[in-house]
Amino acid sequence: MTDAELNKQESHADSHDVKLTPFTIFRYTYSVILLIFSIVLVIALMFTGNTKLAADASPWAALIVCILAVVWLSMIEGQQASLVGLPPVDPDLYKDTHPVTYLNAATAFLGDNLDRYLMGRQFMVLLVVFIINLCGAPTDANADVLNMPQWLKTIFLDVGLGMIIFTCQLGQLTTQVNASHCMLDFINNYFALFTLYVAMTIEFSGIMHCSYLIQNILSFASGKPIQSNEEPRTGLKFVFFWGRVLMSLAILGFSLAVIISALFDGKTMMAVKYPNVSNGASIFLFFFLCCIVGMLEGMQIAFFAVAKLPASERGTSYFGKKTCDLLFKGNGQNLPGFMIGRQLTVVASFFIVASITSMN
């Protein structure tokens, strides 16, 4: 290899390194301080009985369940980064060195199993985040915790910054970053394989099959066929699939009826935590935040897919090209920056929706 090629490789590697400027060091430092403070704050809320599970059961129960939920959330989030990034890699390259990763890949990449995993995984993320919310979110934003002044309570308890930082940093962003760089190592364990099977079992149950109905409607409206690695459903498979779609629609309709009825009657945690917010505003926030989360989740998958394409193959849409230019300009730091901001926004939305929908 020539000196010019070596210099080019070194320059390319350096362009992806984070330069430790004083401003960067400052951001790293205050981020760590905020995380430590958030952990202490959440534990203090539990042991003063200011979370729902701590008040209904015990502080120790809340702490143990919260730790288990955060650990499982970290696997769910990290596993997604690994499984989404591994399809282009030949499984025979890691069959012997990472045998459990090979089992994960052989299951996830069979037919349309990756799509099934992603759907079941989304349900698991919501479920686990709601459990963390029950364990660590304050029931009273004015609770006397750590002798905090009122302005600090407003930021960390009322707005919920403490729980957002706690959940994002410990359960999501850290493992996503590590898994994206160590895809093979991260899922080379049976905990990851168990999580994969749980996600696929949730999808098989049909709880969220109404999403497939929306997929088919959009496919019909756009005139673009749904790409699949499996044969078209016929006979009993066809009946079983659409039967689960109808069941999912019934569950969704019933759930919406319960939530809207509870909101109008003031029987959710929204009435406790934010009594000044009207019932109508709560309903608007519920649907608005669901739309925001749906858009951000779709953008994440789209950006992961586009990142693998050369600039010439990213389409001709004006706004699509502008978005890609913004994401991938320079050394590509805007893409991970978006992912971090997206994750914080999604988790904040989840906690607000949890307050809107949880019964008091």
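Structure: above.
A brief report on the enclosed structure follows. Note that the structure is a prediction, hence the values are computed from the model and not measured.

1. Quick notes on the overall build of the protein
- Across its full length, the protein carries 16 helices and zero strands.
- A compact globule built from 360 residues should have a C-alpha radius of gyration of about 21 Å, and the protein, at 23 Å, falls within 12% of that.
- With respect to the principal axes defined by its C-alpha atoms, the protein has extents near 65 × 65 × 45 Å.
- Per-residue burial over the protein gives 38% buried out of 360 residues.
- In the protein, the share of contacts with a sequence separation of at least 24, taken over all contacts with a separation of at least 6, comes to 80%.
- Looking at the protein as shown, the accessible area adds up to about 20,200 Å², and 69% of this sits on carbon and sulfur atoms.
- The distance from the centre of the 20 positive side-chain charges to the centre of the 23 negative ones in the protein is 7 Å.

2. Side note on the nonpolar core
- With 58 residues, the main nonpolar core has M46, C66, L83, Y117, I132 and L196 as its most contacted residues.
- Where this core is concerned, the elements lending two or more residues are α2 (22-47), α4 (59-85), α6 (113-136), α8 (161-181), α10 (190-205), α12 (235-264), α14 (279-307) and α16 (334-357).
- Every residue in contact with Y117, bar those within four places of it in the chain, is listed here: I76, Q79, Q80, L83, L196, A199 and M200.
- One finds A44, M148, F156 and L157 within the second-largest nonpolar core, a separate group that totals 10 residues.

3. Regarding the packing of aromatic side chains
- What the rule picks out here adds up to 10 aromatic pairs.
- Plain terms: the ring middles of F47 and W60 are 5.1 Å apart, the flat faces sit at 85° to each other, and that makes the pair edge-to-face. Residue F47 is located in helix α2, and its partner W60 is located in helix α4; the two are separated by 13 residues in the primary sequence.
- Under the relative-accessibility criterion, F47 is labelled partly exposed at 38%.
- Of the residues examined, W60 reaches a relative accessible area of 56% and is grouped as exposed.
- On the numbers, 6.4 Å between centres and 55° between planes, the contact of F238 with W242 is tilted. Of the two residues, F238 and W242 are both situated in helix α12; the distance of four residues between them amounts to about one turn of the helix.

4. Things to note about α10
- Counted at 1.5 Å a residue, the expected span for α10 with its 16 residues is 22 Å, and the 22 Å between its end C-alpha atoms agrees.
- When α10 is considered as a whole, its buried residues turn out to be A192, L193, T195, L196, V198, A199, M200, I202 and E203.
- Looking at the packing, one finds that the buried side of α10 touches α4, α5 (99-108), α6, α11 (210-222) and α12.
- Where α10 begins, one side-chain oxygen reaches toward the backbone nitrogen of F191, 3.3 Å away; that side chain belongs to N189.
- Positive phi appears at G206, one or two residues downstream of α10, with a value of about 90°.

5. Focus: the packing of α4 against α10
- Contact geometry for α4 and α10: axes closest at 10 Å, N-to-C directions at 85°. When the axes of α4 and α10 are compared, the pair comes out roughly perpendicular. Mapping the contact onto sequence places V71, W72, M75, I76, Q79 and L83 in α4 and F191, A192, L193, F194, T195, L196 and V198 in α10.
- Each residue belonging to the contact of α4 with α10 can be placed in one class, and the counts come to 11 nonpolar, two polar and no charged.

6. As for the pattern of salt bridges
- All chains considered together, the criterion is met by four salt bridges.
- Where K52 meets D56, a salt bridge forms, and the shortest distance between an N and an O atom there is 3.6 Å. Remark: D56 and K52 occur in helix α3 (residues 52-56); sequence separation between them is four residues, near one turn of the helix.
- Take K52: its relative accessible area is 28%, and that puts it in the partly exposed class.
- For D56, a relative accessible area of 58% corresponds to the exposed category.
- Ionic pairing is found between R116 and E230, a salt bridge with its closest N-O pair at 2.8 Å.

7. Here we look at the environment of L83
- Mapped onto the fold, L83 is located in helix α4.
- Residue classification places L83 among the buried residues on the basis of a relative accessible area of 0%.
- For the pair formed by L83 and L196, sequence separation is 113 residues and the distance between their alpha carbons is 9.9 Å.
- With residues near it in sequence (within four places) discarded, L83 still touches A108, F109, L114, Y117, I187 and L196.

8. A short note on unusual backbone geometry
- In this structure, L146 is a non-glycine residue whose phi angle is positive, near 55°.
- With respect to the secondary-structure elements, L146 resides in the loop between α6 and α7 (150-158).
- Exposure remark for L146: the relative accessible area of 43% places this residue in the partly exposed category.
- You will see that N147, though not glycine, has its phi angle at about 55°, which is positive.
- Assignment of secondary structure puts N147 in the loop between α6 and α7.

Parameters and conventions
Once a new chain begins, its residue numbering starts again from 1 and follows that chain's sequence as written. In keeping with the predicted nature of the model, local features appear solely for residues at pLDDT of at least 70, side-chain atom pairs appear and are counted solely at 80 or more, and the whole-chain, interface and lining totals rest on all residues. Derived side-chain values reflect all non-hydrogen atoms in the structure, with water molecules and hydrogen atoms excluded from consideration. Working definition: helices are DSSP H or I runs of at least four residues, strands are E runs of at least two. Numbering for both runs from the N terminus. For the radius of gyration, the atom set is restricted to C-alpha positions; the globular benchmark scales as 2.2 Å times the number of residues to the power 0.38. Burial classification: accessible surface area is computed with a 1.4 Å probe over protein chains only, and a residue below 20% of its type maximum counts as buried, one above 50% as exposed, and the rest as partly exposed. Only heavy atoms matter for contacts: two residues are in contact if any of them lie within 4.5 Å across the pair. In this description, accessible areas are obtained by the Shrake-Rupley approach with a 1.4 Å probe, and a residue is regarded as covered only by the protein chains that are shown. Only four residue types enter the tally: Lys and Arg on the positive side, Asp and Glu on the negative side, with His and both chain ends excluded. One atom stands in for each charge, and that atom is NZ of Lys, CZ of Arg, CG of Asp or CD of Glu. Side-chain atoms within 4.5 Å are what join buried Ala, Val, Leu, Ile, Met, Phe, Trp, Tyr and Cys residues into a set we call a nonpolar core. Stacked, tilted and edge-to-face are the three classes applied to pairs of Phe, Tyr and Trp rings, where Trp contributes its six-membered ring and a pair requires centres within 6.5 Å; stacked means planes under 30 degrees apart, edge-to-face means over 60, and tilted covers the rest. One less than the number of residues in a helix, times 1.5 Å, gives the span that helix is expected to have. Polar contact criterion, stated in full: a pair of N or O atoms within 3.5 Å, where within protein one must be able to donate a hydrogen and the other to accept it, and residues adjacent in sequence count only if both atoms are side-chain atoms. The axes used here are C-alpha line fits, helices contributing only the stretch in contact, and every angle between their N-to-C directions lies in the interval 0 to 180 degrees. For classification purposes, an angle smaller than 35 degrees is called roughly parallel, one larger than 145 roughly antiparallel, one from 65 to 115 roughly perpendicular, and anything else oblique. The residue classification treats Ala, Val, Leu, Ile, Met, Phe, Trp, Tyr, Cys and Pro as nonpolar and Asp, Glu, Lys and Arg as charged. All others, Gly included, are polar. Salt bridges are defined by distance alone: a side-chain nitrogen of Lys or Arg within 4 Å of a carboxyl oxygen of Asp or Glu.

Treat this as a map of the structure, not an account of what it does.
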